[in-house]
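If you want the building blocks of each chain, they are given just below.
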There are 2 protein chains.
Amino acid sequence: MGIRKRLAMNVRRLRKERGLSQEALGHEADVDRTYVSGIERCVRNPTIDIVERIAKALEVDEADLFRRI
Amino acid sequence: MGIRKRLAMNVRRLRKERGLSQEALGHEADVDRTYVSGIERCVRNPTIDIVERIAKALEVDEADLFRRI
DNA sequence: TTGTGACTTGGAGTCCGTG
DNA sequence: ACACGGACTCCAAGTCACA
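Notes on the structure follow. (Residues numbered from 1 in each chain as written. Chains lettered and ligands numbered in written order. Predicted model: local features only at pLDDT ≥ 70, side-chain atom pairs only at ≥ 80, totals over all residues. Heavy atoms only, no water.)

### Describing the relation of the copies chain A and chain B
Thought 1: Once chain A has been moved 0.1 Å along the axis and rotated by 180°, it coincides with chain B to within an RMSD of 0.1 Å. Expressed as an axis order, the relation between the two copies is that of a two-fold axis.
Thought 2: The overlap is high: 100% of the interface residues of chain A also sit at the interface in chain B, so the same surface is used on both sides. (Least-squares fit on C-alpha atoms with pLDDT ≥ 70 in both. Contact = heavy atoms within 4.5 Å.)

See the structure below:
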C-alpha cells in the first residue's frame, strides 16, 4: 500500500472518530475543504507542512498519520 | 520541534547508520543529492511521495521518519 | 563530501462552483 | 456532508555551478 493510501485511511478514520466533517477539519488545519477531500481520495500529494497542520488539528503525532493499521 | 526538523534528524541519523553519503542515498531514492541536503537542512518542504521514496531507500517505515527521538 | 544560490517547469494548494 | 471539476497563484520538484 502506498503512502497516500495510508495517509488517506488514517486521516479519514481519525477525523470520523472525532466527529468532524471534512470542512471542519479543513478549518481547524487551515487547509481548503476540497483539499482534505483530495487527500482522503489519494488524488493529492501533500507536503509535510500540510501533514503537520492536519496532525495538529487531529491532535495526533505526525507519525500516527502514516501508521499501517 | 517542527515536522521538517524531525524528518531532517531522522533522515540524517538513519543515513549515517547505514554508512551512506547524501549522494548515495539520493541515488537509491532517485532524488538529487542537493535535494537530500536540502531536506536535512530543513530548507525543503517535500511531498509525501518523496518521503516514501526516501523511506524505501533507507528500508524503514514512513512513520519512522517522523518519530521523535 | 556537503552547503548553497539560482533557475525553469510542473504541480501543490486555493477558491469558485456543481450534483 | 461529500465527490468532483475549472481556473488560478505560487511554491515544490528537479537540476546546475561553485564554494
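Let's pick the thread back up.
### Quick look at the packing of aromatic side chains
Thought 1: Taken as a whole and assessed by the stated rule, the structure comprises one aromatic pair over all chains.
Thought 2: Look at F66(A) and F66(B): their rings are 5.0 Å apart centre to centre, the planes differ by 15°, and that puts the pair in the stacked class. Taken as a pair, F66(A) in the segment after α4 (48–58) and F66(B) in the segment after α4 (48–58) lie in two separate chains rather than in one. Across the pair, F66(B) and F66(A) agree in class, each one buried. (Phe/Tyr/Trp six-rings, centres within 6.5 Å; stacked < 30°, edge-to-face > 60°. Helix = DSSP H or I, 4+ residues; strand = E, 2+ residues; numbered from the N terminus. Buried < 20%, exposed > 50% of the residue type's maximum accessible area, 1.4 Å probe, protein only.)

### Concerning the protein's contact with DNA strand D
Thought 1: Near DNA strand D there are 19 residues, and of these R12(A), R15(A), Q22(A), Y35(B) and T47(B) occur at the shortest range.
Thought 2: Considering the 4 Å shell around the protein, atoms of DNA strand D inside it are sugar or phosphate in 62% of instances.
Thought 3: A distance of 2.6 Å separates a phosphate oxygen of DNA strand D from a polar atom in the side chain of R12(A).
Thought 4: Side-chain polar atom of Q22(A) to a phosphate oxygen of DNA strand D: 2.6 Å apart, as the coordinates give it.
Thought 5: The set of elements that each furnish at least two residues to the surface near DNA strand D consists of α1 (3–17) and α3 (33–40) of chain A together with α3 (33–40) and α4 of chain B.
Thought 6: A per-class count over the surface near DNA strand D returns three nonpolar, eight polar and eight charged. (Near = heavy atom within 4 Å. Polar contact = N/O pair within 3.5 Å; in protein donor to acceptor, adjacent residues only side chain to side chain. Nonpolar A, V, L, I, M, F, W, Y, C, P; charged D, E, K, R; others polar.)

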